[in-house]
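Structural overview
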Amino acid sequence: MEDPTGPGGDDDRGGDSGDDENDGEFPWPEWVPEGLRLNTEDVATVLVTFAVSLLFRATIAEPRFIPSLSMYPVFDIGDRLIAEKITYRFKHDPVPGDVVIFHPPKTPKVRPVHWFPYDRVFIKRVVAVAGDKVEVKRGELYVNDASRGKELKLEPSTYVMEPQIVPPGDVFVMGDNRNNSFDSHIWGPLPKENILGRACFKYWPPQKFGELPRYPARVGAVPERY
């Protein structure tokens, strides 16, 4: 029987087969090690995964870690949490008790903590909203003349803050560790547009996994809404 692969045979495995081996290869520079050279399909997969991850973080939720003791005892250094971004986009504005992550306002008292080209992200608790009267006296926070003495805080405040009304479009944020927190009592109300998301639960360390402790129910006069 005549060998179909011999001279004159119609074998598909012709001389062009060597070119097929390079199909799908990404044009990597020569300095990239062979083991790290992904093909075009792998590169596309990595890029799509990265884009989806960025989109998810920007619109739905993102992980964050706690770098300081300003929210102790609810959050300790190294704790990790998930901040969701749906509530404030589609449901309602921030309310007292919410723990929010945000970019601090660029005021003279805050400007030194901004790092170029990226702004720092803070985490604090909303204690008052637009129209609320806030003050600190006798070691306690007062909102609309009602003491928040049972709130989630580490210890009584050692400072005094004169009464002020939270302006329209702003909220007032403070750390639970009152005496070790760079917050609204120093640099003033926070524009709601600076808020990135609402902390909803902790996932690290494992023994702290779960929802955040509830903030006591709001007391005092109902503020005017804008």
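Residues numbered from 1 in each chain as written. Predicted model: local features only at pLDDT ≥ 70, side-chain atom pairs only at ≥ 80, totals over all residues. Heavy atoms only, no water.

If you look the protein chain up in an unreviewed UniProt entry, it shows as signal peptidase I from Micromonas pusilla. You can read under Catalytic activity (unreviewed entry) in the UniProt record for the protein chain the words "Cleavage of hydrophobic, N-terminal signal or leader sequences from secreted and periplasmic proteins." (UniProt positions renumbered as here; feature names shortened; annotations may be inferred.)

Let's talk about the nonpolar core
Among soluble globular proteins, nonpolar side chains are generally buried collectively. Core analysis: the biggest nonpolar cluster contains twelve residues, these being Val 127, Ala 128, Val 134, Val 136, Leu 141, Val 143, Tyr 159, Met 161, Val 166, Phe 172, Met 174 and Tyr 215. Among the secondary structure elements, those contributing two or more residues to this core are β4 (122-129), β5 (133-137), β6 (140-143) and β9 (170-174). Among all residues touching Val 136, those that are not within four sequence positions of it are Leu 141, Ser 157, Tyr 159, Val 160, Met 161 and Met 174. (Core = buried A, V, L, I, M, F, W, Y, C linked by side-chain atoms within 4.5 Å. Buried < 20%, exposed > 50% of the residue type's maximum accessible area, 1.4 Å probe, protein only. Helix = DSSP H or I, 4+ residues; strand = E, 2+ residues; numbered from the N terminus. Contact = heavy atoms within 4.5 Å.)

Section: the UniProt feature "active site" (unreviewed entry) in the protein chain
With numbering aligned to this structure, UniProt lists the feature "active site" (unreviewed entry) at Ser 70 and Lys 124. Spanning 55 residues, the named residues nonetheless gather at one spot, since no C-alpha pair among them exceeds 7.9 Å. For Ser 70, the location among the structural elements is in the loop between β1 (61-65) and β2 (80-84). Take Ser 70: its relative accessible area is 5%, and that puts it in the buried class. Under the relative-accessibility criterion, Lys 124 is labelled buried at 5%. Beyond its immediate stretch of four places on either side in the chain, Lys 124 contacts Ser 70, Met 71, Asp 98, Val 99, Val 100, Phe 102, Val 173, Met 174, Gly 175, Ser 181, Phe 182 and Asp 183.

A few points about the packing of aromatic side chains
As enumerated under the stated definition, the model contains four aromatic pairs in all. Note on Phe 122 and Phe 182: the rings are 6.2 Å apart at their centroids and 65° apart in plane angle, and the pair reads as edge-to-face. Of this pair, Phe 122 sits in strand β4 while Phe 182 sits in the loop between β9 and α4 (184-187), and the two are 60 residues apart along the sequence. Residue Phe 182 is classed as partly exposed on the basis of its relative accessible area of 27%. Directly above the ring of Tyr 142 sits Lys 137, whose terminal nitrogen or CZ lies 4.8 Å from the centroid. Positioned over the ring face of Phe 75 is Lys 202, at 5.3 Å from the centre of the ring. (Phe/Tyr/Trp six-rings, centres within 6.5 Å; stacked < 30°, edge-to-face > 60°. Lys NZ or Arg CZ within 6 Å of the ring centre and 35° of its normal.)

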